[in-house]
Amino acid sequence: MTGIETTIVTALTNNFIGQMIKSGWEGINKNELLNKDVGQLIREGKYLFLREYTQRYWERHGMIKVLKMSKPMDLESIYVNVKCLGNLVRDYYDENLENKYRESKQRRFNFRDDGKKDGLLLANQEQYLMVLGDPGIGKSTFLRKIGLEALKGKQGSYQHSLTPVLLELKNLKENEINIQALIEEEFKICGFPNVEKNISNKLEKGELLILLDGLDEVPTANVYNVIEKIKDFVDRHHKNRFILSCRTAARTHLRRFTDIEIVEFDDQQIQSFIEHWFSSELDRKNETAKNCWELLQKEEYKSAKELAHTPLLLTFLCLVYDKNQSFPTNRSRLYQDALRILLETWSAEKRLPNRGLVYENLSIEQEEILLSEVAYQNFVADKLFLEKGEVVKQIKDHLKQNLNAPQHLDGEKVLKTIEIEQVILVERARDVYSFSHLTLQEYLTAQYIYDNDLIEETVKNYVTETRWQEVFLLVAGLMRGKADKLLLAMEKEAHNYLTTPLGQKLVPILQWADEMTKDSVDSPIKPVGRRASAYCHAHAYAYAIVSANDPLIHDLGAVNLTSTCAYVGLCSYNTAYVIARAYGNAYREIFAISIYGSVRLVNLLAQYRIVSKVNFYQLIADLEALKQIIPDDKITKKHHEELADQLFKMWNTAFNLTPELLNLSLDAISEIDKHYFYINRLILDCQKVAINISPTVWQEIEDRMLRVP
């Protein structure tokens with residue numbers, strides 16, 4: 001046995017001794033149990049059922065192996081305390097869910113965090129507990145954890161001295177159901193002697209913790225019968241404690257039971273789970289958990305982290321990271337695998353009856369097509385929360401339009417089955433649904449666009465809408481037959497923007513950037529990179545000119561001004577001084593930073609040969625001379641302005657920047673960035689994640705990027 005098993009066995013056997021003495025079991029030498037060490041009794045071959053029971057219970061309920069785990073892991077080593085809500089949000093109608101979601105400014109739909117309590121605390125408080133939750137949220141694991149804690153007695157977190165027994169309700173297929181007989185059978189399997197008589201005694205005295213797992217997994221034809229048997233059994237043996245688990249969408253209200261719902265993991269729970277998962281000596285040495293967690297914090301993996309709030313999908317992510325020590329750049333494959341886990345793998349591994357079909361001959365592939373159409377239609381309409389009637393209609397319409405889909409299906413039953421069995425669509429409030437994860441809706445939307453060849457249409461209509469960004473990245477990852485079509489469509493929209501009134505104002509700046517960089521053939525930076533650097537330089541100056549005379553900027557406090565200076569100084573520190581020019585003596589230090597920053601910038605431009613036609617030696621000499629006359633605090637505002645004008649003129653002359661090139665308002669710069677430059681950045685991002693691109697096509701796109709066609 002492992003160290004943790006030995007600890008648990010010791011706790012279990014000691015707990016059982018007390019319970020056996022209390023129960024007065026026949027054939028037990030109580031004095032011997034009290035006066036001898038348990039380990040010694042086991043070594044002598046006496047009362048072997050003690051060790052046999054604990055070992056068998058541990059093997060049955062103390063290990064976990066799901067998805068593609070190569071070997072089982074002990075539950076205690078990876079368990080993270082679950083948190084629960086007492087009031088179920090889904091029981092109430094809320095017409096403002098869409099607004100609440102947008103105000104929350106996060107990707108998660110399940111953004112209620114108020115009133116959460118520790119699951120074990122609630123299990124200790126309530127004699128009859130109904131544990132609800134979505135598939136993969138950890139209901140079964142929670143019940144097994146409570147059972148193990150109960151077996152530890154005083155050493156455990158469960159405060160009631162009871163013997164646990166766990167029944168998996170999916171096995172209740174027969175019409176004749178005898179719950180007591182099932183409990184007795186479970187004890188026999190785990191090695192208990194004199195089962196029939198002693199279980200009757202324990203039930204009578206209220207000494208059992210009865211864990212009933214998976215009410216929703218009972219075969220449909222037998223659900224009502226099972227519920228009635230459970231009600232009768234609980235009434236007859238009301239002194240015992242009962243914990244029943246069920247998927248939220250399939251919940252049944254039982255009179256004695258208090259309903260609680262396990263909620264998604266928060267960030268702290270995700271991090272704890274990852275630390276538990278990667279806790280081997282090798283992982284600790286290589287800081288695997290730390291590296292995995294930090295990777296999930298990066299912007300490009302924000303959608304993957306969204307999946308991590310569901311424990312089952314977090315387990316999947318840990319398995320992926322364990323195999324590759326990273327997450328794939330092509331996130332489409334990652335989300336496709338996650339979707340398949342919800343659609344079929346989880347149910348198959350739990351060996352649920354009739355789970356190969358969603359509902360009467362609707363195959364998994366047909367269901368995925370159906371879901372992708374629902375996802376796309378509502379994403380186009382910018383609807384994330386959907387009324388039940390609308391979803392049912394979309395399901396019916398899809399089935400009618402698919403010749404090979406079963407036509408007799410009830411749309412409402414299909415929706416309910418998808419919710420109960422797979423939790424891809426979730427009822428967030430009464431008759432209000434959403435996809436369980438925004439990531440899944442985005443992936444299914446991308447799948448629909450790819451399957452139906454809607455790439456050019458989608459680019460034309462939505463390429464500059466930021467909420468579509470992840471969809472475009474996923475489309476790029478799905479295009480196995482080259483992503484050229486997507487990138488060329490995006491490039492076309494970028495070029496079309498230059499024909500708009502605002503785009504026309506950008507044209508001279510792009511032409512200037514092209515002219516200033518085209519002869520730098522010996523630069524280690526690609527031409528498009530040099531053009532981007534040159535534009536950024538001009539952009540920063542334009543921003544600074546407007547900022548210095550903008551009344552709103554004048555009203556900002558020092559902290560905000562510092563942030564503004566940092567932004568416009570991203571490419572050229574001396575632009576910050578142009579803002580400072582409007583403030584007189586208050587920003588002497590910015591002038592010094594501007595001069596030193598300008599010298600540093602010029603050295604970089606010269607080192608990497610980003611621009612040509614600039615006399616860098618003369619410019620550096622002029623800046624060094626100006627650095628010698630940095631003013632003190634006593635200088636007049638007029639003198640400040642003269643120095644600023646001198647610096648600005650020196651710089652613009654060296655780079656051939658004319659007032660016409662810099663004549664852009666703050667609003668104009670912002671709009672240009674949201675359209676033209678956003679598209680170009682998206683092209684680069686899609687190129688990185690695409691799995692198949694023609695080298696020739698990409699080279700042509702890169703050569704044309706940030707140039708006037």
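Preceding this paragraph is the structure being described.
Just so you know, these numbers come straight off a predicted model, no measurement behind them.

Calculation criteria
Residues numbered from 1 in each chain as written. Predicted model: local features only at pLDDT ≥ 70, side-chain atom pairs only at ≥ 80, totals over all residues. Heavy atoms only, no water. Axes fitted to C-alpha atoms, helices over the stretch in contact; angles between N-to-C directions. Helix = DSSP H or I, 4+ residues; strand = E, 2+ residues; numbered from the N terminus. Parallel < 35°, antiparallel > 145°, perpendicular 65-115°, else oblique. Left-handed = near helix turned anticlockwise from the far one by under 90°. Contact = heavy atoms within 4.5 Å. Nonpolar A, V, L, I, M, F, W, Y, C, P; charged D, E, K, R; others polar. Buried < 20%, exposed > 50% of the residue type's maximum accessible area, 1.4 Å probe, protein only. Lys, Arg positive; Asp, Glu negative; His and termini not counted. Salt bridge = Lys/Arg side-chain N within 4 Å of Asp/Glu carboxyl O. Polar contact = N/O pair within 3.5 Å; in protein donor to acceptor, adjacent residues only side chain to side chain. Pairing = 2+ DSSP bridges. Arc of directions from axis to C-beta. Core = buried A, V, L, I, M, F, W, Y, C linked by side-chain atoms within 4.5 Å.

*Asks:* An account of the packing of helix 24 (residues 484–497) against helix 33 (residues 666–689) is requested, with residue identities and associated values reported.
*Replies:* Running from N to C, helix 24 and helix 33 cross one another at 165 degrees; their axes reach a closest spacing of 10 Å. Considering the angle they form, helix 24 stands roughly antiparallel to helix 33. Relative to helix 33, helix 24 is oriented so that their crossing is left-handed. Residues Leu 486, Leu 487, Met 490, Glu 491, Glu 493, Ala 494 and Tyr 497 of helix 24 form the contact with helix 33, whose own contacting residues are Glu 671, Ile 672, His 675, Tyr 676, Ile 679, Asn 680, Leu 682, Ile 683, Cys 686 and Gln 687. Split into classes, the residues belonging to the contact of helix 24 with helix 33 amount to eleven nonpolar, three polar and three charged.

*Asks:* Residue-level account of the side chain of Arg 241, with values.
*Replies:* The residue Arg 241 is located in strand 8 (residues 241–247) in this model. No salt bridge is formed by the buried Arg 241, whose closest oppositely charged neighbour, Glu 126, lies at an N-O distance of 7.0 Å. Polar side-chain contacts of Arg 241 include one of 3.4 Å to the backbone oxygen of Ala 123. Filtering out sequence-adjacent residues up to four positions away, Arg 241 remains in contact with Ala 123, Asn 124, Gln 125, Glu 126, Gln 127, Tyr 158, His 160, Leu 162, Leu 208, Leu 209 and Ile 210.

*Asks:* Tell me about the sheet that holds strand 10 (residues 386–387), and name the residues and values.
*Replies:* Taken in spatial order, the three strands line up as 10-12-11 in an open sheet, and their pairing is antiparallel. In the strand order of this sheet, the two ends are held by strand 10 and strand 11 (425–429), each with one partner. Sheet analysis places strand 11 next to strand 12 (residues 432–435), joined by four bridges and oriented antiparallel. Residue pairing for strand 12: Val 426 is matched across the bridge by Ser 434.

*Asks:* Provide a residue-level description of the environment of Gln 127, including the pertinent values.
*Replies:* Note that Gln 127 resides in the loop between helix 7 (119–125) and strand 5 (128–133). Separated by 116 residues in sequence, Gln 127 and Ile 243 have C-alpha atoms that sit 7.9 Å apart. Among the polar contacts made by the side chain of Gln 127, one reaches the side chain of Tyr 128 at a distance of 3.2 Å. Side-chain polar atoms of Gln 127 contact the backbone oxygen of His 238, separated by 2.6 Å.

*Asks:* Give a detailed account of helix 12 (residues 267–277), specifying residues and quantitative values.
*Replies:* Because each turn of an α-helix spans 3.6 residues, side chains separated by three or four positions in sequence point in the same direction. Residues of helix 12 that are buried include every one of Gln 269, Ile 270, Phe 273, Ile 274 and Trp 277, and no others. Buried positions in helix 12, seen along its axis, are confined to an arc of 135 degrees and lie on one side of it. At its buried positions, helix 12 is contacted by strand 2 (73–74), helix 5 (75–78), strand 3 (83–85), helix 14 (288–296), helix 15 (302–307) and helix 16 (311–324). Residue Asp 266 occupies the N-cap position of helix 12, its side-chain oxygen lying 3.2 Å from the main-chain nitrogen of Gln 268.

*Asks:* How would you summarise the sheet that holds strand 8 if you had to cite specific residues and measurements?
*Replies:* Ordered in space as 4-3-9-5-8-7-6, the seven strands form an open sheet in which the pairing is mixed. Single-partner strands in this sheet number two, and they are strand 4 (117–118) and strand 6 (163–168). As paired elements, strand 5 and strand 8 share six bridges and run parallel to each other. Paired with Gly 133 across the bridge in strand 8 is Arg 247.

*Asks:* Talk me through the nonpolar core; I want residue IDs and the actual numbers.
*Replies:* Here is a general trend for soluble globular proteins: nonpolar side chains tend to be buried in one another's company. Ranked by size, the top nonpolar core spans 150 residues in total, and within it Ile 274, Phe 472, Leu 486, Met 490, Phe 655 and Tyr 676 carry the most contacts. Residue contributions to this core peak at eleven residues, all from helix 33. If sequence neighbours within four positions are ignored, Ile 274 has contacts with Ala 289, Cys 292, Trp 293, Leu 296, Leu 314 and Cys 318. One finds Tyr 128, Val 165, Val 195 and Val 234 within the second-largest nonpolar core, a separate group that totals 30 residues.

*Asks:* Could you give me a rundown of the side chain of Glu 98, with the residues and numbers involved?
*Replies:* Within the secondary structure layout, Glu 98 lies in helix 6 (residues 97–104). Residue Glu 98 is classed as buried on the basis of its relative accessible area of 17%. Of the polar contacts made by the side chain of Glu 98, one reaches the side chain of Arg 102; its length is 2.7 Å. Polar side-chain contacts of Glu 98 include one of 3.3 Å to the backbone nitrogen of Leu 384. The residues contacting Glu 98, other than those within four sequence positions of it, are Asp 382, Lys 383, Leu 384 and Phe 385.

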